[in-house]
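Understanding the architecture of this molecule
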Amino acid sequence: MTTVLITGASRGIGAHVARELADTGATVFAGVRRPEGLTSRLGDSGDLRPIALDVTDDASVAAAVSTVEEITDELDVVINNAGVAGTWAPAADVVPSDFADVLATNLLGPVRVTQAFLPLLRRGTKPRLVMVSSGMGSLTLQGNDSVYADIAHLPYPASKAALNMLTVQYAKALPEILVTAVDPGLTATDFTGAVGQTVAEGAQAVVSTALDTTRPSGGFVDRYGTTPW
Ligand SMILES: NC(=O)c1ccc[n+]([C@@H]2O[C@H](COP(=O)([O-])OP(=O)(O)OC[C@H]3O[C@@H](n4cnc5c(N)ncnc54)[C@H](OP(=O)(O)O)[C@@H]3O)[C@@H](O)[C@H]2O)c1
């Protein structure tokens, strides 16, 4: 039986990934800021367990660890999915405070969640740590002639580039854990105002990475394969 903890499972890609993994027979702890009514929203297929988890809040994450520990003493997969877009102002208008929310959620959230759940993850079977990143965080894809070449924004791409670096550093520091950054690709969720591929397509690489125990640690993938840093 695979056990999974995913953050940001209330809607969008995270909700879909949680449902799909529960459908494979996994026990899925679906971390959300407001667990009330979540089962009716996510459906009741499989062993899907909503738990309160705000990735920006130490006490909330500590309480979530205690909740999971009441059920199991090991996790096979931790998925850092929760994310916010932050300010999308012209780069020349962005001030340091515009970074606060996006870095707190997209960068420090994964650090907080990973550190807190590490003891459970270390006891898992072929443990996997999945960072839901973005092609926007790829230095290569932000270069000339690339898909993002004409988009100049500061906080969100910076947060995902830093999350990519966390992936590389965790992979080096935790050789017993398979660490992977995943780019879902432009996906039609609240995040994009419903622009992009279907949510099922956006969830695909996250689900396959969560289930794959064989890939090398420290990589960056999308649903087509390896993607450049
Ligand atoms: N959609 C895309 O095109 C796309 C592309 C590349 C990467 N991504 C990444 O994929 C991930 C999921 O995005 P999405 O498109 O599914 O976005 P979404 O529909 O806006 O969902 C975002 C999720 O993150 C949760 N969240 C935000 N702040 C949180 C916090 N402090 N603690 C816990 N949960 C929090 C939200 O919870 P609430 O319901 O409580 O707000 C929600 O469940 C993000 O990391 C995003 O950067 C998305």
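What counts, and where the lines are drawn
Residues numbered from 1 in each chain as written. Predicted model: local features only at pLDDT ≥ 70, side-chain atom pairs only at ≥ 80, totals over all residues. Heavy atoms only, no water. UniProt positions renumbered as here; feature names shortened; annotations may be inferred. 1 Å grid on protein atoms, 1.4 Å probe; cavity = no way out; pocket = protein on both sides within 12 Å on 5 of 7 lines; lining within 4 Å. Points joined across faces, edges and corners; volume = space filled by probe spheres on them. Helix = DSSP H or I, 4+ residues; strand = E, 2+ residues; numbered from the N terminus. Nonpolar A, V, L, I, M, F, W, Y, C, P; charged D, E, K, R; others polar. Polar contact = N/O pair within 3.5 Å; in protein donor to acceptor, adjacent residues only side chain to side chain. Contact = heavy atoms within 4.5 Å. Pairing = 2+ DSSP bridges. Axes fitted to C-alpha atoms, helices over the stretch in contact; angles between N-to-C directions. Near = heavy atom within 4 Å. Areas by Shrake-Rupley, 256 points an atom, 1.4 Å probe, with all protein chains shown as cover. Parallel < 35°, antiparallel > 145°, perpendicular 65-115°, else oblique. Left-handed = near helix turned anticlockwise from the far one by under 90°. Buried < 20%, exposed > 50% of the residue type's maximum accessible area, 1.4 Å probe, protein only.

- Identification of the protein chain as SDR family NAD(P)-dependent oxidoreductase from Nocardioides acrostichi is taken from an unreviewed UniProt entry.
- Listed in UniProt under the heading Sequence similarities (unreviewed entry), the comment for the protein chain reads: "Belongs to the short-chain dehydrogenases/reductases (SDR) family."

**Observations concerning the layout of surface pockets**
- Considering only enclosed or pocket space, the largest pocket measures out at about 1,000 Å³ in volume.
- For the lining of the largest pocket, the elements supplying multiple residues, two or more each, are helix H1 (12-23), strand E2 (27-32), helix H4 (100-106) and helix H6 (155-173).
- The greatest single-element share of the lining of the largest pocket, amounting to 3 residues, is contributed by H1.
- In terms of residue class, the lining of the largest pocket is made up of 16 nonpolar, 15 polar and 9 charged.

**Here's the deal with the side chain of Thr-72**
- Here Thr-72 shows up in the loop between helix H3 (58-69) and strand E4 (77-80).
- Engagement of the side chain of Thr-72 in a polar contact is seen with the backbone oxygen of Glu-74, the distance being 3.0 Å.
- Not counting chain neighbours up to four residues away, the residues in contact with Thr-72 comprise Thr-3, Phe-29 and Leu-120.

**Notes on the sheet that holds strand E8 (residues 225-226)**
- Pairing within the open sheet is mixed, and its 8 strands lie in the order E3-E2-E1-E4-E5-E6-E7-E8. Edge positions in the sheet fall to strand E3 (47-52) and E8, since each has one partner strand and no second.
- As judged from the 4 bridges shared by strand E1 (residues 3-6) and E2, these two strands associate in the parallel manner. Directly across from Val-4, in E2, lies its bridge partner Val-28.
- Sitting on the sheet, H3 is in contact with E2 and E3, with an inclination near 145 degrees to E3.
- Relative to strand E5 (residues 128-132), helix H7 (residues 199-211) is tilted by about 165 degrees, and along the sheet it contacts E4, E5, strand E6 (178-182) and strand E7 (219-222).

**Here's the deal with the side chain of Thr-114**
- One can find Thr-114 in helix H5 (residues 108-122).
- Among the polar contacts made by the side chain of Thr-114, one reaches the side chain of Asn-80 at a distance of 3.1 Å.
- Setting aside residues up to four positions removed in sequence, Thr-114 forms contacts with Asn-80, Leu-129, Met-131 and Tyr-170.

**Brief notes about the site of the ligand**
- For the ligand, the set of nearby residues contains 30 residues, the closest of which are Ser-10, Arg-11, Tyr-156, Thr-187 and Thr-189.
- Contact between the ligand and Ile-13: an oxygen atom at 2.8 Å from a main-chain N or O atom of the residue.
- Backbone polar atom of Thr-187 to an oxygen atom of the ligand: 2.7 Å apart, as the coordinates give it.
- Protein chains shield 95% of the accessible area of the ligand, which is 900 Å² for the free molecule.

**Some words on the packing of H1 against H7**
- At a minimum axis distance of 9 Å, the contact between H1 and H7 shows a crossing angle of 55 degrees. In terms of orientation, H1 lies oblique with respect to H7. The interaxial crossing formed by H1 with H7 has right-handed handedness. For the pair H1 and H7, the contacting residues are Gly-12, Ile-13, His-16, Val-17, Glu-20 and Leu-21 in the first and Val-199, Ala-200, Gly-202, Ala-203, Val-206, Val-207, Ala-210 and Leu-211 in the second.
- Taken together, the residues of the contact of H1 with H7 sort by class into 10 nonpolar, 3 polar and 1 charged.

**Brief notes about the environment of Ile-71**
- Note that Ile-71 resides in the loop between H3 and E4.
- Of the residues examined, Ile-71 reaches a relative accessible area of 44% and is grouped as partly exposed.
- Separated by 19 residues in sequence, Ile-71 and Pro-90 have C-alpha atoms that sit 47 Å apart.
- Excluding its chain neighbours within four sequence positions, the residues that come into contact with Ile-71 are Phe-29 and Arg-49.

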